[in-house]
Amino acid sequence: MNEILLDGCRVKPLAAYLKALGIFRTLARQRDRAATLCWRDEVAVLSTTLNRDQLIDWFLEEYQPTPITSPWNGGSGYFPNDKSAKKALEQIDSNPGPRFDPYRKTLAECRSALSKLGLTDKPEPKVAKPRLMRVLRGTLTVPEALEWLDAACVMREEDRIEMVPLLGTGGNDGRLDFSSNYAQNLVNLLLCSPKRRAAVKALLRQALFDEPCAGLENTAIGQYAPGSVGGPNTTSGFDGSPNVNPWDFVLALEGSLAFSAAATRRLGDDSQGFSLPFTVDPSMGGHSAIASDEADKARCEMWLPTWGAPITLVELRAVFAEGRAQVGGRQAASGVDFARAVASLGVERGFDGFERYTFLVRNGKSYFASPAGRYRIRPGGDRRAVDLLTELDPWLRNSRRKAESHGGANIRSLFRQFDDAILELCRKSEPSGLLKILRVLGGIQRQLAQMPKLHQRSSPESYVRPIPQLSADWWPEQADTAELRLSMGLRGLKQIRQFVWPIARNEWKDEARDAVWTKGRLSLNLSRLLKRRFLFQPQENGANLTGLALQRWRFRSWTDWAVLPEDIIQFLYEKLDDGLIEEYFLALLLVELPAERQASCNMKEARLLPVDYGKLKVAHGAFDPREDVATEESDWLCPRTVIERLNAGQLDGLNECDRFLIAKGRPPKQRAGLGCLDPPRLAASLAFPISWPFFAELGKTLFPKLKKEENSNVH
């Protein structure tokens, strides 16, 4: 066997991928049944008994073109106005060579079917067209002609026709009839004059091996190679003409028939919708330049596989007929679903990756197969992050469509970011990608919380449930930024969710008054949060909390993730991204708190904190700094007026804090003064819980131990 590298057949554009299948399919059926195909570095590799020159000669001299013809379309060559196509079909019909015997037989059978139905013009789509296609299915005797019929469209019950997106709308795209263009290219390539034979051979070598070649033609290639169709900004002038190798179109159309058997098998049941293998509904995510209205007009997505191990044509047809792509125990339905299936190995075995194509409206009303990324299968990769997405599936199935329909442009934009984040996670398979998804989900939850019209259970067509709480497995494994550490600590405050969103037991509670988070600045929201928590009376075991227990409820984090002293310093001096802190915080509100604890950290830098912060934090701490009275019944409870005055910009809030500490037996160092610190921001910083080691270090720095005689005087 000879291994032939088909440099002209790569995974991009779609025409090049289909061209590889076309070469393989025709060779294996007509000349070498033992031929195999695989992909290496995104280039097709053909193994066959022929060498490169013999392969070229076989296509030029022996290859029998598949009888691709579409009598159900206008412009196909069967009706009076189809002049160019009709001329090409007549030339094929009049050629005596054996290579066109199947083609001539199919043309005769198509004309007979049209005559039988009395059709002299393009058939009407609702009645005449389905009737013609049923007659053709019972009339055509050439197997390859039936393959084309099955590849172009599939008959359903009650004379309903399903169009296969890979071949446009029944073998045409707009005014371009694929079968007509195919026939004209065949005449140009295989029925040419002897003088043109050298040019045709050079074109074939360019199509197969990407060898330099002059003489590309001004012919159509449709949706399969957007870069070759010409149009504005495609040349040095204002407008460019198509620059196409006709072999590319012929072989790409031959390759499209590899999907025909799969289409009939998967569409033969009573399921609703379209289910061509590796074909799903389009997703907006993953495209760098696509508007929402363009996504609405998109036909579909195709995820075309590549494989590293050589397979025969029989094996290829079996794999394509199966076309399995499952996610969460169900068949993938969208582009995002398919990406998840690839990342979680929910696809047919043997593939090493997929090239994603989306059929978008471009250049007027024509469709182009736009590449949207390469997704590799990593058998040894970490699939846990992708598998966690199944927790969201029930909510997405029930709520996403309603949220996008009734929530406006902001919600649709957020869901597009959500798709982008999932696709990025699937391509990289990194656990850190979950945090990006959570950030978008937090934004979606925030937007939904501000839209009461979506909270009415009496309107089921627009009612959208809150995003449910996700498992602790979503919790970030590392906190490598100050913004993330601060948000983790803030998330650990008791009952924090009800102070941010009007939600109780996963239902909207618009009448609730505890939710105070708005679209304002972070420091303002944190101040509102503290003020509301001071007014709230929590209970445990049916009894109201008092004293130190109440103080702990207000200020202690129950995650035990350490907020570092340098984090507080950067927040106080406005060196952090407040928007990012808020995004992280809202994201983590969707996640259950983890059970594990983080290792202790070095807290020596607490000595660098401003004195004013230290005094305020000790006064509002979750721990009693008096070693001899650290009990739940301790009366260590700073009044809320300290924070209220600081929020109002009144510096005497610090004086009141000093008086409280002196009264409790902890006279602080002399007040250092605010300097450049903003009083409301200083108050807001108290919302971030700190650990016991951090708190103890503050106490050592700001409250030197009293001598025994002084201590006795104080008490």
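Rules and cut-offs
- Residues numbered from 1 in each chain as written.
- Predicted model: local features only at pLDDT ≥ 70, side-chain atom pairs only at ≥ 80, totals over all residues.
- Heavy atoms only, no water.
- Helix = DSSP H or I, 4+ residues; strand = E, 2+ residues; numbered from the N terminus.
- Buried < 20%, exposed > 50% of the residue type's maximum accessible area, 1.4 Å probe, protein only.
- Contact = heavy atoms within 4.5 Å.
- Areas by Shrake-Rupley, 256 points an atom, 1.4 Å probe, with all protein chains shown as cover.
- Phe/Tyr/Trp six-rings, centres within 6.5 Å; stacked < 30°, edge-to-face > 60°.
- Lys NZ or Arg CZ within 6 Å of the ring centre and 35° of its normal.
- Salt bridge = Lys/Arg side-chain N within 4 Å of Asp/Glu carboxyl O.
- Expected span 1.5 Å × (residues − 1).
- Lys, Arg positive; Asp, Glu negative; His and termini not counted.
- Pairing = 2+ DSSP bridges.
- Axes fitted to C-alpha atoms, helices over the stretch in contact; angles between N-to-C directions.
- pLDDT = per-residue confidence, 0-100.
- Parallel < 35°, antiparallel > 145°, perpendicular 65-115°, else oblique.
- Left-handed = near helix turned anticlockwise from the far one by under 90°.
- Core = buried A, V, L, I, M, F, W, Y, C linked by side-chain atoms within 4.5 Å.
- Nonpolar A, V, L, I, M, F, W, Y, C, P; charged D, E, K, R; others polar.

### Brief notes about the overall build of the protein
A count of helices and strands for the protein gives 28 helices and 19 strands. Counting all 715 residues of the protein, 56% fall into the buried class. Long-range pairs, those at least 24 residues apart, make up 73% of the contacts in the protein with a sequence separation of at least 6. Total accessible area on the protein is roughly 31,100 Å²; 47% of this is exposed by carbon and sulfur atoms.

### Brief notes about the packing of aromatic side chains
The full count for this structure, using the stated rule, is 29 aromatic pairs. For the ring pair Trp307 and Phe351, a centre distance of 6.3 Å and an interplane angle of 45° mean the geometry is tilted. You can see Trp307 sitting in strand 11 (residues 301-307) and its partner Phe351 sitting in strand 14 (residues 351-362), a full 44 residues away along the chain. We classify Trp307 as buried; its relative accessible area is 1%. Aromatic pair Phe534 and Phe555: ring centres 6.0 Å apart, planes at 70°, arrangement edge-to-face. Here Phe534 is found in helix 19 (residues 522-535), whereas its partner Phe555 is found in helix 20 (residues 547-555), with 21 residues between them in sequence. For Phe534, a relative accessible area of 9% gives the class buried. Taking relative accessible area as the criterion, Phe555 reaches 3% and is therefore assigned buried. A connected cluster of aromatic rings, assembled from ring pairs, spans Tyr17, Trp39, Phe259, Phe278, Trp303, Trp307, Phe320, Phe338, Phe351, Phe354 and Tyr375. Cation over ring: Arg52 sits above Phe209, and NZ or CZ is 3.9 Å from the ring centre.

### A few points about the pattern of salt bridges
Scanning the entire structure with this criterion turns up 41 salt bridges. One salt bridge connects Glu424 with Lys436, and the closest N-O pair in it is separated by 2.7 Å. Of this pair, Glu424 sits in helix 16 (residues 409-428) while Lys436 sits in helix 17 (residues 433-449), and the two are 12 residues apart along the sequence. The structure contains a network of salt bridges with shared partners spanning Arg25, Arg29, Glu144, Glu147, Glu254 and Arg317.

### Considering helix 19
Look at helix 19: 20 Å from first C-alpha to last across 14 residues, which is about the 20 Å you get at 1.5 Å a residue. Those residues of helix 19 not exposed but buried are Leu522, Ser523, Asn525, Leu526, Ser527, Leu529, Leu530, Arg533 and Phe534. For helix 19, the secondary structure elements touched by its buried residues are helix 18 (482-491), helix 20, helix 21 (565-572), helix 22 (578-588), helix 24 (641-647) and helix 26 (679-684).

### Observations concerning unusual backbone geometry
Residues apart from glycine generally show negative phi values, whereas peptide bonds are mostly found in trans. A cis amide bond links Lys12 with the next residue in sequence, Pro13, at an omega value of -5°. Among the structural elements, Pro13 can be located in the loop between strand 1 (2-10) and helix 1 (14-30). Residues other than glycine seldom take positive phi values, yet Glu42 does so here, at roughly 65°. Counting through the fold element by element, Glu42 comes out in the loop between strand 2 (36-40) and strand 3 (43-48). A relative accessible area of 26% places Glu42 in the partly exposed class. Of note, Asp210 is a non-glycine position whose phi angle comes to about 60°, a positive value. Here Asp210 shows up in the loop between helix 8 (197-209) and strand 8 (231-232). On the basis of relative accessibility, which here comes to 43%, the residue Asp210 falls in the partly exposed class.

### With respect to the side chain of Arg554
By the secondary structure assignment, Arg554 is in helix 20. Glu644 provides the closest opposite charge to the buried, salt-bridge-free Arg554, at an N-O distance of 10 Å.

### Details of the environment of Leu27
Within the secondary structure, Leu27 sits in helix 1. Leu27 gets classed as buried once you look at its relative accessible area, which sits at 0%. As for Leu27 and Tyr63, which are separated by 36 residues in sequence, their C-alpha atoms are 8.0 Å apart.

### Some details on the sheet that holds strand 1
The strand order 1-3-2 describes an open sheet built from 3 strands, whose pairing is antiparallel. Looking along the sheet, the strands with just one partner apiece sit at the ends: strand 1 and strand 2. Averaged over all adjacent pairs, the angle separating strand axes in this sheet is 30°, with direction ignored. Here strand 2 runs beside strand 3; their pairing, made up of 5 bridges, is antiparallel.

### With respect to the confidence of the model for the protein
Low pLDDT means the predicted coordinates in that region are not meant to be read closely. Taken as a whole, the protein shows an average pLDDT of 85; of its residues, 87% reach a score of 70 or greater. In this model residues 267-274 is a low-confidence stretch, pLDDT under 50, and it forms 15 contacts with partners more than four residues away in sequence or in other chains. Contacts from residues 706-715, a stretch scored under 50 in pLDDT, to residues over four places away or in other chains number 5 contacts.

### Details of the packing of helix 7 (residues 178-190) against helix 9 (residues 246-256)
Contact pair helix 7 / helix 9: the axes reach a minimum separation of 9 Å and the direction vectors enclose 125°. One finds that helix 7 runs oblique with respect to helix 9. Judged by the twist between their axes, the crossing of helix 7 over helix 9 is left-handed. Contacts from Phe178, Asn181, Tyr182, Asn185, Leu186, Asn188, Leu189 and Leu190 in helix 7 reach Pro246, Trp247, Phe249, Val250, Leu253 and Glu254 in helix 9.

### Regarding the environment of Tyr63
Counting through the fold element by element, Tyr63 comes out in the loop between helix 2 (52-61) and helix 3 (83-94). Accessibility expressed as a relative area gives 0% for Tyr63, which makes it buried. Distance in space between the C-alpha atoms of Tyr63 and Leu190 is 9.5 Å, their sequence separation being 127 residues. Excluding residues that lie within four positions of it along the chain, Tyr63 makes contacts with Thr26, Gln30, Trp58, Arg99, Tyr182, Leu186, Leu190, Trp247, Val250 and Glu254.

### Considerations on the nonpolar core
The biggest cluster of nonpolar side chains holds 229 residues, and the ones touching the most others in it are Trp247 and Trp307. Among the elements that take part in this core, helix 1 stands out by supplying 10 residues, more than any other. Apart from the residues within four sequence positions on either side, Trp247 is in contact with Phe59, Leu60, Tyr63, Leu189, Leu190, Val200, Leu203, Leu204 and Ala207.

### Focus on the packing of helix 3 against helix 7
Relative to each other, helix 3 and helix 7 sit at 50°, their axes nearing to 9 Å. With respect to each other, helix 3 and helix 7 are oriented oblique. Crossing geometry of helix 3 relative to helix 7 is assigned as left-handed. Where helix 3 approaches helix 7, its residues Ser84, Ala85, Ala88, Leu89, Gln91 and Ile92 are matched on the opposing element by Ser180, Ala183, Gln184 and Val187. Split by residue class, the contact of helix 3 with helix 7 holds 6 nonpolar, 4 polar and no charged.

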